[in-house]
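# Reading the structure
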Amino acid sequence: MFGKFEHIGIAVRNLEESIPIYEKLTGAKCYKREEVKSEGVITAFLKIGETKLELLQATNAESAIAKSIEKRGEGFHHMAFAVDNIEEEMKNKAAEGFRLLNDEPKEGADNKLICFIHPKDANGVLIELCQDRD
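Described in the following lines is the structure provided in the data block. Note that the structure is predicted; figures quoted are calculated from it, not measured. (Residues numbered from 1 in each chain as written. Predicted model: local features only at pLDDT ≥ 70, side-chain atom pairs only at ≥ 80, totals over all residues. Heavy atoms only, no water.)

## Describing the pattern of salt bridges
Oppositely charged side chains are able to pair whenever their charged atoms sit close together. Per the counting criterion, the structure on display carries 14 salt bridges. Among the ionic pairs, Glu 6 bridges to Lys 52, the shortest N-O distance being 2.8 Å. Here Lys 52 lies in strand E4 (residues 51-58) and Glu 6 lies in strand E1 (residues 2-12), a separation of 46 residues in the sequence. Among the residues examined, Glu 6 registers a relative accessible area of 3% and is labelled buried. A salt bridge links Glu 6 to Lys 112; the shortest N-O distance between them is 3.5 Å. Here the residue Glu 6 occupies a position in strand E1, and Lys 112 occupies one in strand E7 (residues 112-117), the gap between them amounting to 106 residues. According to the relative accessible area criterion, Lys 112 is buried, its value standing at 7%. Through salt bridges with shared partners, a single ionic network connects Glu 6, Lys 32, Glu 34, Lys 52, Asp 110, Lys 112 and Asp 132. (Salt bridge = Lys/Arg side-chain N within 4 Å of Asp/Glu carboxyl O. Helix = DSSP H or I, 4+ residues; strand = E, 2+ residues; numbered from the N terminus. Buried < 20%, exposed > 50% of the residue type's maximum accessible area, 1.4 Å probe, protein only.)

Printed below as a string of structure tokens:
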């Protein structure tokens, strides 16, 4: 079962240009940047109330973010939901017919284990499951 709404992912070409835009827009400050080598991205987080905004910049042309920007341009990339037990949630979602984009939880930004659900199974929206790491 999903917990809280965790974050919204926004694909950007350049964090240095995008962070000030979102800081001005939201009134929130970027509180953390992190490279996730396995995903080929650098992330920047802003917290707005109880929800986070994650800006994602590709570090290489083969990353999912680079391919997304090439195909659709900058903008909305994914919605993320917190789960208590990602392995159990992955089994449940697979049993319900959702296609998972990874077979095992992966390391994600902000000290999370993550898994993505195929956007074709959610009306074109990429869904991320996130579990806090101990």
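There is more to say after this.
## Considering the layout of surface pockets
The space that makes up the largest pocket amounts to roughly 660 Å³. Along the wall of the largest pocket there are 35 residues; nearest its centre are Ala 64, His 77, Leu 101, Phe 116 and Leu 126. Those elements giving two or more residues to the lining of the largest pocket turn out to be E1, strand E3 (41-48), E4, helix H2 (64-72), strand E5 (75-83), strand E6 (106-108), E7 and strand E8 (126-132). Residue composition of the lining of the largest pocket, grouped by class: 15 nonpolar, 9 polar and 11 charged. (1 Å grid on protein atoms, 1.4 Å probe; cavity = no way out; pocket = protein on both sides within 12 Å on 5 of 7 lines; lining within 4 Å. Points joined across faces, edges and corners; volume = space filled by probe spheres on them. Nonpolar A, V, L, I, M, F, W, Y, C, P; charged D, E, K, R; others polar.)

## Notes on helix H1 (residues 15-26)
A rise of 1.5 Å per residue sets the reference length of H1, with its 12 residues, at 16 Å; its end C-alpha atoms lie 16 Å apart and thus fit the reference within 8%. Restricting attention to buried positions, one finds in H1 the residues Leu 15, Ser 18, Ile 19 and Glu 23. Buried positions in H1, seen along its axis, are confined to an arc of 135° and lie on one side of it. Opposite the buried face of H1, at more than 90 degrees from it, the exposed residues are Glu 17, Ile 21, Lys 24 and Leu 25. (Expected span 1.5 Å × (residues − 1). Arc of directions from axis to C-beta.)

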